[in-house]
Amino acid sequence: MDAAESTAPARRTVIRAGAVAAAALAVCPRTAAAATATTAPRPGAARPAAAPAAADGAADLPLRSDRNTQGDILAGSRKDHACLLLLRFRDPVLARRWLRRLLPEISTTEEMARFNAAFSAARVKAGGTDPASLSAQWTGLSLTHAGLRFFAGRDPFPALPPGGTAEAFVQGPARRAEALGDTGDSSPDSWVFGGEGPHRAVHAVLNLSADDPEKLAEAVDRHQRDLGPAQGVLVFRQDGGTLPGALRGHEHFGFTDGISQPGVRGFHAPDPATGTTVQGKPGARLVPAGEFLVGQEKAGKRPAGLPAWATGGSFQVVRRLAQDVPGWWAQARERLADLKRAGAAPAEATDTWLAARLVGRWPGGTPVAGCPLAEQPCPAGTGPTAISYRDDPQGWHTPLFAHIRKGNPRDGLVAVPGRPPLDPAVTDTHRIIRRGIPYGPAYDPEQEPGRGTNGASRGLVFIGYQADLVQQFEFVAKQWINEADFPAGRSPRTGADPVLGPGSPVAFESESEAGSRATTLRFGRFIRTEGALYAFTPSIPALRELAEGRLDVSVELHPGAVLRVGDVLDAGAARLALAADGDLVLLDPSGARRWSAGTAGKGSEAAFSHDGELTVRTADGATAWSSGTAGHPGARLLVRPGGDAVVLDGGRVLWRAGDGDGR
């Protein structure tokens, strides 16, 4: 569902090459190296042949050749079979040894991007059929707050500013369940993971996926055996897999899943005609990479305000969402009858007609926005991502409560009824990269007649990546999905998302002679939260540090980021802030100024450039103060718990504040 969408002895990737790989070479020669050889120095794992240093289009798309970030964040594993192993460890020394052995198997963005490009090219060459001669096995690792603290032997945050993503991460979804709508049957008391006491707390999420179920089973067995010497415990195992037959690529309610992902600047090629959308995916906006990957530039150049260990990583949300398939469809039939009695639905409308409006798409993925009567192929030159709500402010075509519209209002977000929609860029800071996969068998009405959830357990394993838990996952869940008064100010109120949200009346708006009329429909909840975790997917360098029991908790201001009045980088013993009077200052825990740039009355913003210079600028853009460290691309600005702020070029201090003169 759209809102729910080193040196080493071994490597995780298993790639089989054959005739289809040769076809991929003909179509996409620069990516074929990822699919032409295998080596297997360690039983149960294999390493692909060495790849060139840059992936396709690396000059313009540098994130595609990133070997430091984990691949599932931006590239996505895209595998038919997956398994999450939720782990807890007893001995930190043995756990770090386990992590050192695991590190060579962690899949990188470059590897996944190369393989996915070769696979896609071969699929096109084969007329849309998956190339059986190409397969891969991927490995990812995320750590909870308890896990980071366990491996590092210290708290990963030097300070915990209230209301921010660090606080949300530390608290976890169980403590925040009520605000997220996880109440009643979805409350943590009934969760199979994430709601347990400290003795069952999860330290790590090992994410395994593969094309070949036998290869995946071998990998899962091997990793479970490896837990013994590490004194690791399997807290929970969650298997998932693509549904078979006609439901392939669909979730259990029968709708195509994972269609509308955000494009990422620096990873996805821009459409030359717009510059703001993804090439080949009309309507899919390109979002700054820093909204998903800590350390990259964020929308509005906002500072991440996170410790240095977070650079190159992403916050991960894991949720097990159980789906009552017969109950949901029975409800759709009942509400359709209500609409027909009210004269708000055509006499020939089917339950699929209404279900498509609840989702915002027909089961095959075609948006109802441009295809209101029945599902048809998308018009030539468009596609399932080409959705606009700008000319549908009342929700006559795509209801305002539709799942995909509540989760991503696109260009139809009207802040005040009667006013024009906001620029779609407003929503960039609330997008999420989704990596969901179904679990459980497909529903068979002949085997499981009737309503309720007495049959087999089934649902969606939701995995989401973002740089800010509060402004992304939690914002969308609380302010959009679950909020009955979103869009705000309408009478009657729009209602909550009838697919993913809590039970709620919704206003089904339709055109009438007097304008718009609303028919109130009552929807119950047929998706239940059965488990939830907040984890963090660190970069490969950060994992190496953790394997040695180290963690850099200095707070980093990344290149390209801008501090504005009121912004604070809080490292506990030292806080770098742009004060209300425009002075860039370093404060001690009591709030006393330990250092000042002397820009009171002049400073408007402070920026850290990509060539390593910290400057305070006036309102007209003039430089009011500078660190004098330009000419050092790759330099880092850190606010350190020891009480100072520094610009470092490698291990060399270029500038320092906190010793009286700032140098």
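Sequence positions are assigned chain by chain, starting from 1 and proceeding in written order. This being a predicted model, a pLDDT of at least 70 is required before a residue's local features are given, and a value of 80 or more before pairs of side-chain atoms are given or counted; all residues contribute to the totals for chains, interfaces and linings. Neither water nor hydrogens contribute to the side-chain values; these are computed over all heavy atoms in the structure.

**Observations concerning the overall build of the chain**
Then, number 1: Counting its secondary structure elements, the chain contains 13 helices and 28 strands.
Then, number 2: Type-normalised accessible area, obtained with a 1.4 Å probe on protein chains alone, sets the label of each residue: buried when under 20%, exposed when over 50%, and partly exposed for intermediate values. When burial is assessed residue by residue, the chain has 56% of its 663 residues classed as buried.
Then, number 3: Surface accessibility follows the Shrake-Rupley procedure with a 1.4 Å probe radius. Residue values consider only the protein chains on display as shielding. Summed over its atoms, the accessible surface of the chain is roughly 25700 Å², and 52% of this surface lies on carbon and sulfur atoms. A helix here means a DSSP run of H or I that spans at least four residues, while a strand means a run of E at least two residues long, and both kinds are numbered starting from the N terminus.

**Brief notes about the sheet that holds strand E27 (residues 645-649)**
Then, number 1: Two strands pair under a simple rule: DSSP has to find at least two bridges between them. What the four strands build is an open sheet, ordered E17-E26-E27-E28; its pairing is antiparallel. The outermost strands of the open sheet, each flanked by one partner alone, are strand E17 (555-557) and strand E28 (652-657). The average undirected angle you get between the axes of adjacent strands in this sheet is 30°.
Then, number 2: Sheet topology note: the E27/E28 ladder contains five bridges and is antiparallel. Angles shown run from 0 to 180 degrees and are taken between the N-to-C directions of axes, each axis being a line fitted to C-alpha atoms and, for helices, limited to the stretch in contact.

**Looking at the packing of helix H9 (residues 325-341) against helix H10 (residues 351-359)**
Then, number 1: It is the contact of H9 with H10, at a shortest axis distance of 9 Å, that shows an interaxial angle of 105°. Between H9 and H10, the angle is such that the two are roughly perpendicular. Contacts between H9 and H10 involve Trp328, Trp329, Ala332, Arg333, Arg335, Leu336 and Leu339 from the first element and Asp351, Thr352, Trp353, Leu354, Ala355, Leu358 and Val359 from the second. Any angle between 65 and 115 degrees counts as roughly perpendicular, while under 35 counts as roughly parallel, over 145 as roughly antiparallel, and the rest as oblique. Throughout, a contact is declared for two residues whenever any of their heavy atoms are within 4.5 Å.

**Some thoughts on the environment of Val553**
Then, number 1: With respect to the helices and strands, Val553 occurs in the loop between helix H13 (540-547) and E17.
Then, number 2: A relative accessible area of 4% places Val553 in the buried class.
Then, number 3: Sequence spacing of Val553 and Ala308 is 245 residues, and the spatial spacing of their C-alpha atoms is 5.9 Å.
Then, number 4: Contacts of Val553, omitting those with residues within four sequence positions, involve Arg154, Asp155, Pro156, Pro158, Pro307, Trp309 and Pro641.

**Structural notes on the packing of helix H3 (residues 92-102) against H13**
Then, number 1: Orientation of H3 relative to H13, taken along the N-to-C sense of each, is 145°, at an axis distance of 8 Å. Like other packed secondary-structure pairs, H3 and H13 cross with a definite hand, here left-handed. Residue-level contacts link Arg96, Leu99 and Arg100 of H3 to Leu543, Leu546 and Ala547 of H13.
Then, number 2: The residue classification treats Ala, Val, Leu, Ile, Met, Phe, Trp, Tyr, Cys and Pro as nonpolar and Asp, Glu, Lys and Arg as charged. All others, Gly included, are polar. Its residues assigned to classes, the contact of H3 with H13 comprises four nonpolar, no polar and two charged. Left-handed describes a crossing whose near helix is turned anticlockwise from the far helix by less than a right angle; the clockwise case is right-handed.

**Overview of the side chain of Asp644**
Then, number 1: Residue position: Asp644 is located in the loop between strand E26 (636-639) and E27.
Then, number 2: There is a polar contact of 2.9 Å between the side chain of Asp644 and the side chain of Arg656.
Then, number 3: Not counting chain neighbours up to four residues away, the residues in contact with Asp644 comprise Ala574, Leu586, Leu638, Val639, Arg656 and Ala657. Here a polar contact means two N or O atoms within 3.5 Å. Within protein one must be a hydrogen donor candidate and the other an acceptor candidate, and residues neighboring in sequence count only if both atoms are side-chain atoms.

**Observations concerning the pairing of strand E5 (residues 204-210)**
Then, number 1: The element E5 is extensively covered by neighbouring structure, given that seven of its seven residues are classed as buried.
Then, number 2: Neither face of E5 is open: one carries Ala204, Leu206, Leu208 and Ala210, the other Val205, Asn207 and Ser209, and all of them are buried.
Then, number 3: Examined bridge by bridge, strand E3 (residues 81-89) and E5 share seven bridges and lie antiparallel to one another. Residue pairing in the sheet places Leu86 in a bridge with Val205 of E5.
Then, number 4: In terms of strand pairing, strand E4 (residues 137-143) meets E5 through seven bridges, oriented antiparallel. What sits directly across from Leu141, in E5, is Leu206.

**Some thoughts on the nonpolar core**
Then, number 1: Counting 85 residues, the largest nonpolar core has Phe89, Trp98, Leu141, Phe151, Trp328, Trp353 and Leu546 as the members making the most contacts within it.
Then, number 2: Setting aside residues up to four positions removed in sequence, Leu546 forms contacts with Arg96, Leu99, Leu143, Leu148, Phe151, Ala152 and Leu551.
Then, number 3: In this structure, Ala82, Met112, Val461 and Leu533 belong to the second largest nonpolar core, which totals 36 residues. Residues belong to one nonpolar core when they are buried, are Ala, Val, Leu, Ile, Met, Phe, Trp, Tyr or Cys, and are joined through side-chain atoms within 4.5 Å.

**With respect to the packing of aromatic side chains**
Then, number 1: In this scheme Phe, Tyr and Trp rings, the latter by its six-membered ring, pair at centre separations within 6.5 Å, and the angle between planes marks the pair as stacked below 30 degrees, edge-to-face above 60, and tilted otherwise. Applying the stated criterion across every chain, the model contains 24 aromatic pairs.
Then, number 2: Between Phe473 and Tyr534, the ring centres sit 6.3 Å apart and the planes meet at 85°, which makes this aromatic pair edge-to-face. A residue pair is termed long-range when its members are at least 10 positions apart, and Phe473 in helix H12 (residues 470-481) and Tyr534 in strand E16 (residues 527-537) qualify at 61 residues. Each member of the pair, Phe473 as well as Tyr534, is classed as buried.

**Things to note about helix H8 (residues 213-226)**
Then, number 1: An ideal rise of 1.5 Å per residue puts 20 Å on 14 residues; H8 measures up with 20 Å between its terminal C-alpha atoms.
Then, number 2: For H8, the set of buried residues is Leu216, Ala219, Val220, Arg222 and His223. Down the axis of H8, the buried side of the element spans an arc of 165°, and every buried residue falls inside it. Facing away from the buried side of H8 by more than 90 degrees, the exposed set consists of Glu214 and Arg225.
Then, number 3: Those residues of H8 that are buried are in contact with E3, H3, E4, E5 and strand E6 (232-241).
Then, number 4: Where H8 starts, the residue carrying a side-chain oxygen 2.8 Å from the main-chain nitrogen of Glu214 turns out to be Asp212. Expected helix span is computed as 1.5 Å times (number of residues minus one). Note that the arc is computed from the directions linking the helix axis to the C-beta atoms.

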